[in-house]
Amino acid sequence: MRLLIFLLLLSISCLGQQRPNIIYIMSDDHDADAISAYNKNLIATPNIDRLAKEGVLFTRNFVGNSICGPVRATLITGQHSHKNGMKDNRTRFDSSKLTMPKIFQQHDYQTALVGKWHLHSYPTGFDYWKILPGQGLYFEPRMITMKGDTSTYHGYATDVITDEAIRWLDNRNMKIPFVLHIHHKAPHRYFLAPLKYILEYHNKTFPEPATLYVDTAGHGTAWRLQTMSILYDMKLCSDLKVDPNYLMDIPWLRPDSADIFYYNAIFNRIPEPDRSSIKKIYEERGKLLQQLQPKGKELLKYKYQWYMQDYLACVASVDENVGRILDYMDKNKLTSNTLVIYTGDQGMYLGENGWFDKRWMYDVSMQAPLMMRWPGKIKPGSVNTNMTQSIDYAPTMLNAAGIKVPDFMQGISLVPNITGKQKIIPRHHLYYHFYEYKADHTVLQHLGIRGERYKLIYFYTVNEWELYDLKKDPQEQKNLIKSISHQKVLREMKVELLKLRNLYDDHETAGELH
Ligand code: SGN
Ligand code: CA
């Protein structure tokens, strides 16, 4: 009997020691196409790819509401937006709620968060946090500390956030496991990279997406109302850093005062001598516009290339800093007992449909990159093709630590799936609901479901439906809602939509779903 008790205690204490650490790295607006593990045509991201090589790459991971604050609220609650209350970027998250980090604390985990937060209320459930105010700044970023004061940090946001994360790792309590969130600002709009990456990317040319030049003809009201076109809505000065002085005499390129104001504010934050060097590189863009005075398609051609150059230069810095964290883990013997997760808060349009930004339930922005490395648990080099969703992150992280997933969470733990115990996730459709209208980029409210093959979207304020065959039309260009041969599928999808709305308990939509 004594031996039995001894063995039991021993196994409990061993289990205790083996509780894994978790490092959750999330960048902002990092689309899967800008990670070479997913797509080799835009950029090489060897460090982020390491996670896929040594772990699992999810090829069909999606969010439930493609915008920053709501995804972050889903991350910590495991709930869709209507349940956690954070439906758009303007909402203030109710920080008194029970959330994943609080549950980790209850189970003797140390919890820490560094970087972009964007929930407006201060973080709770973290033993340590240091966050960017709002969207944060790329150069000389300010950060809010737990005391509520704000100081300026010298350097570039992605480097600074990584420095702070490493500082916390160095000073943590080494006796208990931890959960560390590293939330980068990059590569979010205004897409400003450090000089060394601007130098590397400003002359590169990138393949154009097949739908870069599509127009609104044949599309619905939501498409016609959006203001996320690279040609019309992306700013030449503040987004693409063209010196306004080159544009003042060209009526259709002349910047408005807000664009000039932001351009100056952005450049004034870059310390010298880098500011002058960066300005010099971008002078080429101004000179070219002044000389060629392009319009329409010709102008879009340039704007798209500049967008990619700037965005991917930001991604390069994220990749470098993921590498710093992975090296730190190797040097400090953290690799073998840590689950590392890499994701972006949502997808991002990189020129598809002629767009930038996100918000839509279309796959480009509904999909988010996701990879996980957990040595000894996840088979290196695995590819997971199940449909997974942002509501699954919290259940997965808790379950990985051996903590029971609370009933209020709406996602599924992916642990059985990634450890090879369960092949298929028992869920055939994903639910989606976007609310933030009218705000930036004017995308209408919509909800819908994504199945393995079909997607149904309902823009309820204009009573317009869209149905896509994701197998035949992965770029979602042909709305099949009126197609006679798809009426049976449509009826089935509407039944599924109602089922999912009931399952997730979302009853706030205006109008009935039929
Ligand atoms: C800012 C951006 C928008 C972007 C939102 C939300 N404009 O307002 O382009 O859609 O953030 O982004 S900017 O001129 O200020 O850059 S999110 O990732 O935080 O949801
Ligand atoms: Ca984002």
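In what follows, the structure referred to is the one given above.
Residues numbered from 1 in each chain as written. Chains lettered and ligands numbered in written order. Predicted model: local features only at pLDDT ≥ 70, side-chain atom pairs only at ≥ 80, totals over all residues. Heavy atoms only, no water.

**Brief notes about the sheet that holds strand β13 (residues 430-434)**
Working step 1: Ordered in space as β13-β14-β15-β16, the four strands form an open sheet in which the pairing is antiparallel. Looking at the sheet topology across the chains shown, the edges are occupied by β13 and β16 (464-469). Put simply, the sheet's adjacent strands are angled 15° from each other on average, direction ignored.
Working step 2: In the packing of helix α15 (residues 487-504) onto the sheet, the strands contacted are β13, β14 (446-450), β15 (454-459) and β16, and the crossing angle to β15 comes to about 70°. (Pairing = 2+ DSSP bridges. Helix = DSSP H or I, 4+ residues; strand = E, 2+ residues; numbered from the N terminus. Axes fitted to C-alpha atoms, helices over the stretch in contact; angles between N-to-C directions. Contact = heavy atoms within 4.5 Å.)

**Things to note about the packing of helix α2 (residues 46-53) against helix α11 (residues 296-331)**
Working step 1: At a minimum axis distance of 7 Å, the contact between α2 and α11 shows a crossing angle of 55°. Looking at the two axes, α2 sits oblique to α11. Contacts between α2 and α11 involve Pro-46, Asn-47, Ile-48, Arg-50 and Leu-51 from the former and Val-318, Asp-319, Glu-320, Val-322, Gly-323, Leu-326, Asp-327 and Asp-330 from the latter.
Working step 2: For the contact of α2 with α11, the class distribution of residues is six nonpolar, two polar and five charged. (Parallel < 35°, antiparallel > 145°, perpendicular 65-115°, else oblique. Nonpolar A, V, L, I, M, F, W, Y, C, P; charged D, E, K, R; others polar.)

**Focus: the site of ligand 1**
Working step 1: Taken together, 17 residues lie near ligand 1, and Asn-89, Gln-135, Asp-357, Arg-359 and His-441 sit nearest.
Working step 2: A distance of 2.8 Å is found between an oxygen atom of ligand 1 and a side-chain nitrogen or oxygen belonging to Gln-135.
Working step 3: Between ligand 1 and Arg-359 there is a distance of 2.8 Å, counted from an oxygen atom to a side-chain nitrogen or oxygen.
Working step 4: Of the residues belonging to the shell around ligand 1, the class tally is two nonpolar, six polar and nine charged. (Near = heavy atom within 4 Å. Polar contact = N/O pair within 3.5 Å; in protein donor to acceptor, adjacent residues only side chain to side chain.)

**What to know about the pattern of salt bridges**
Working step 1: Scanning the entire structure with this criterion turns up 31 salt bridges.
Working step 2: Across the pair Glu-452 and Arg-60 runs a salt bridge whose closest N-O atoms are separated by 2.5 Å. A residue pair is termed long-range when its members are at least 10 positions apart, and Glu-452 in the loop between β14 and β15 and Arg-60 in the loop between β2 (56-58) and β3 (61-62) qualify at 392 residues.
Working step 3: Here Glu-452 falls in the partly exposed class, since its relative accessible area comes to 42%.
Working step 4: Here Glu-320 and Lys-196 are joined by a salt bridge, their closest N and O atoms 2.9 Å apart. Here Lys-196 lies in helix α7 (residues 195-201) and Glu-320 lies in helix α11, a separation of 124 residues in the sequence.
Working step 5: We classify Glu-320 as partly exposed; its relative accessible area is 25%. (Salt bridge = Lys/Arg side-chain N within 4 Å of Asp/Glu carboxyl O. Buried < 20%, exposed > 50% of the residue type's maximum accessible area, 1.4 Å probe, protein only.)

**Focus on the coordination of the calcium ion (ligand 2)**
Working step 1: Around the calcium ion (ligand 2), the protein supplies Asp-28 (OD), Asp-29 (OD), Asp-345 (OD), Asp-345 (OD) and Gln-346 (OE1) as donor atoms, at distances of 2.2 to 2.8 Å.
Working step 2: Coordination at the calcium ion (ligand 2) is irregular, judged from the six donor atoms that bind it and the angles of 51 to 173° they form at the metal.
Working step 3: Overall, the relative accessible area of 0% leaves Gln-346 in the buried class. (Donors = N, O, S within 2.8 Å, 3.2 Å for Na, K, Ca; no water. Tetrahedral: all angles 85-135°; square planar, octahedral: opposite > 155°, others 65-115°.)

Interpretation note: all reported values are geometric properties and have no functional meaning in isolation.
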